[in-house]
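# Structure assessment
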2 protein chains.
Amino acid sequence: MIRIVIAEDQALVLGAIASLLALEPDLEIVGRAADGPQALELVRGLQPDILLSDIEMPGLTGIEVAARLKDCGVPTRVLIVTTFGRAGYLRRAIDAGVCGYLLKDSPADRLADAIRRVAAGGRVIDPELASVAAFAPADPLSDRERAVLRLAQDGRSNKEIGRAMALSPGTVRNYLSEAAAKLGAANRIEASRIARENGWL
Amino acid sequence: MIRIVIAEDQALVLGAIASLLALEPDLEIVGRAADGPQALELVRGLQPDILLSDIEMPGLTGIEVAARLKDCGVPTRVLIVTTFGRAGYLRRAIDAGVCGYLLKDSPADRLADAIRRVAAGGRVIDPELASVAAFAPADPLSDRERAVLRLAQDGRSNKEIGRAMALSPGTVRNYLSEAAAKLGAANRIEASRIARENGWL
DNA sequence: AAGCGCAGGTGACAAATGTCACCCCAAGGC
DNA sequence: GCCTTGGGGTGACATTTGTCACCTGCGCTT
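Residues numbered from 1 in each chain as written. Chains lettered and ligands numbered in written order. Predicted model: local features only at pLDDT ≥ 70, side-chain atom pairs only at ≥ 80, totals over all residues. Heavy atoms only, no water.

### Describing the protein's contact with DNA strand C
The condition is simple: The rule for a residue being near a molecule or strand is that one of its heavy atoms must lie within 4 Å of it. Here a polar contact is recorded for every N or O atom pair within 3.5 Å, except that within protein the pair must consist of a potential hydrogen donor and a potential acceptor, and residues adjacent in sequence are included only if both atoms are side-chain atoms. Here the term charged refers only to Asp, Glu, Lys and Arg, the term nonpolar to Ala, Val, Leu, Ile, Met, Phe, Trp, Tyr, Cys and Pro, and the term polar to all other amino acids, Gly among them.
What surrounds DNA strand C is a group of 16 residues, the closest being Arg144(A), Asn174(A), Tyr175(A), Arg173(B) and Arg188(B). Taking all atoms of DNA strand C within 4 Å of the protein, the share assigned to sugar and phosphate is 56%. Within the backbone of Ser168(A), one N or O atom sits 3.1 Å away from a phosphate oxygen of DNA strand C. Within the side chain of Arg188(B), one N or O atom sits 2.8 Å away from a phosphate oxygen of DNA strand C. Classifying every residue of the surface near DNA strand C by side-chain character gives 2 nonpolar, 9 polar and 5 charged.

### Quick look at the domain arrangement of chain A
As a reminder of what qualifies: Segmentation into domains, and thus their bounds, comes from an automatic or database assignment.
According to the domain assignment, chain A consists of domain 1 (2–133) and domain 2 (143–197). The straight-line distance from the C-alpha centre of domain 1 of chain A to that of domain 2 of chain A is 32 Å.

### Some details on the packing of helix H7 (residues 143–152) of chain A against helix H8 (residues 158–165) of chain A
Residue and element names in this part refer to chain A. We apply this condition: Axis definition: a line fitted to C-alpha atoms, over the contacting stretch in the case of helices. Angles run 0 to 180 degrees between N-to-C directions. Labels follow the DSSP assignment, with helices taken as runs of H or I lasting at least four residues and strands as runs of E lasting at least two, numbered in each case from the N terminus. Roughly parallel means an angle under 35 degrees; roughly antiparallel, over 145; roughly perpendicular, 65 to 115; everything else is oblique. If you view the pair so one helix is near and one far, a crossing is left-handed when the near helix is turned anticlockwise from the far one by less than a right angle, and right-handed when it is turned clockwise. In what follows, residue pairs with any heavy atoms lying within 4.5 Å of each other are defined as contacts.
At a closest axis distance of 10 Å, the pairing of H7 and H8 adopts a crossing angle of 125°. Comparing their axes, H8 and H7 come out oblique. Here H7 runs over H8; the crossing is right-handed. Across the interface between the two elements, Arg144, Ala147, Val148, Leu151 and Ala152 of H7 pack against Ile161, Ala164 and Met165 of H8.

### As for the protein's contact with DNA strand D
The environment of DNA strand D is formed by 16 residues, the closest being Arg173(A), Asn174(A), Arg188(A), Arg144(B) and Tyr175(B). Put simply, 55% of the atoms of DNA strand D that lie within 4 Å of the protein are in sugar or phosphate. Between a phosphate oxygen of DNA strand D and a side-chain N or O atom of Thr171(B), the distance comes to 3.0 Å. Counting residues per element, the ones that place at least two in the surface near DNA strand D are H8 and helix H9 (169–183) of chain A together with helix H9 (169–183) of chain B. Among the elements that line the surface near DNA strand D, the one with the most residues is H9(B), at 5 residues. Classifying every residue of the surface near DNA strand D by side-chain character gives 2 nonpolar, 9 polar and 5 charged.

### Brief notes about the side chain of Ser53(B)
All names here are of chain B. Condition: Only protein chains enter the calculation, and the probe is 1.4 Å; a residue is then buried if its accessible area is under 20% of its type maximum, exposed if over 50%, and partly exposed in between.
Within the secondary structure, serine 53 sits in strand S3 (residues 50–53). Its relative accessible area of 2% is what places serine 53 among the buried residues. Beyond its immediate sequence surroundings of up to four residues, serine 53 is in contact with Ala7, Gly62, Leu79, Ile80 and Val81.

### Description of helix H10 (residues 188–197) of chain A
Every α-helical turn comprises 3.6 residues, leaving residues that sit three or four positions apart pointing alike. All names here are of chain A. In terms of residue burial, H10 counts as a mostly covered element, since 7 of its 10 residues are buried. Every buried residue belonging to H10 is among Ile189, Glu190, Ala191, Ser192, Arg193, Ile194 and Ala195, and all of these are buried. Directly after H10, the chain includes glycine 199, whose backbone phi takes a positive value near 75°.

### Here's the deal with the packing of helix H2 (residues 36–46) of chain B against helix H3 (residues 62–72) of chain B
Residues and elements named next belong to chain B. The interhelical angle for the contact between H2 and H3, taken along N-to-C directions, is 30°, at an axis separation of 10 Å. The orientation of H2 with respect to H3, classified from their angle, is roughly parallel. Along this stretch, H2 crosses H3, giving a crossing that reads as right-handed. For the pair H2 and H3, contact is made by Gly36, Leu40, Val43 and Arg44 and by Val65, Arg68, Leu69 and Cys72, respectively. Looking at the contact of H2 with H3, its residues break down into 5 nonpolar, 1 polar and 2 charged.

Listed below in structure tokens is the structure:
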């Protein structure tokens, strides 16, 4: 019997996935979490075989939860199921030690299968994503550029960004200009869009 | 027996919801669609009692599908289930003649209930959303402002936007300035973010 | 010690953006 | 006829961005 905790912030989807997995006789759902911190606590307490988690969740992302579990030496294996085919997330997920990465676009019957494979010690990556990831460019941004871009994307000016990061406005401009150049964007708006679409923010 | 077509672009979620509804003896899933046009065609052909649909889908949004069904006089009642609590969508959904609007955040057991109520001729609006919507400001943007903002948000310059819309760059500037003023934003980036967050784009 | 790389900064300049006042003209009231 | 209204536009101006060359100080090799 494979013991599973599910973490997913949309209650309806959480319930639906649970009912899907309940059809499988060898899988048992032992816990449900609606956000990151709750997932972490639940896994620590229940020590399930598998944590099935979304990425976008309040508090902590699924990837961050995976990283913390790894740090604490919890043996639970993490399987990420998420919306975004963003190649950038995959790399970070792997770095965080997840054992599987599925897309919500993949057919439902693949899920139980993936869980069994991961529980048996294997690694699963969505085939659709695997090929994309192989060709996907690596994140070209430095930490500073990422941070600046994150602030720029919701409309802050250079001066405000500088204030927030303890940098001079001129330096902020340089970072943004550099980031745009790296991403082939014409301006900060396009740059942050590109970065966001690739999961680099 | 209530006959249902489900439209949802994420296969895994689609499958999961189907398995959830399959537990209810009085509900029957007669069709599944992965995008807007497919949903439209399926509903036209099968004439189910209910179309359960997401909003964001390739091709046509759930709301657009609902509007077309209304125009064609198809008697199927539409129930929207979606991620975004954006109040702006609700208004447009109601205008398109949908009979129900649920959030994916609401508990799973509410779904079957909502379907029965809608099938019986009732209207259902997620209670969480209903109160929000009552206080939500109406969309202050004109069609032109919306269109300009949509182009601005992915980094096009005034000149490019003007070319795309057959307007002079100066006029584009005026529209954007006006839109920003209406939304209390300092610039086009913030303006489009605010509009997006409210479901006005 | 000399040299290198790198984060942060400056200054100057062109271009894009934001703001505002005001113009034109085609519908529609009356 | 006259007046209003609204979409589209212009011109002028201040401010903000984007680009680029170059400076500074610090830590690190060798």
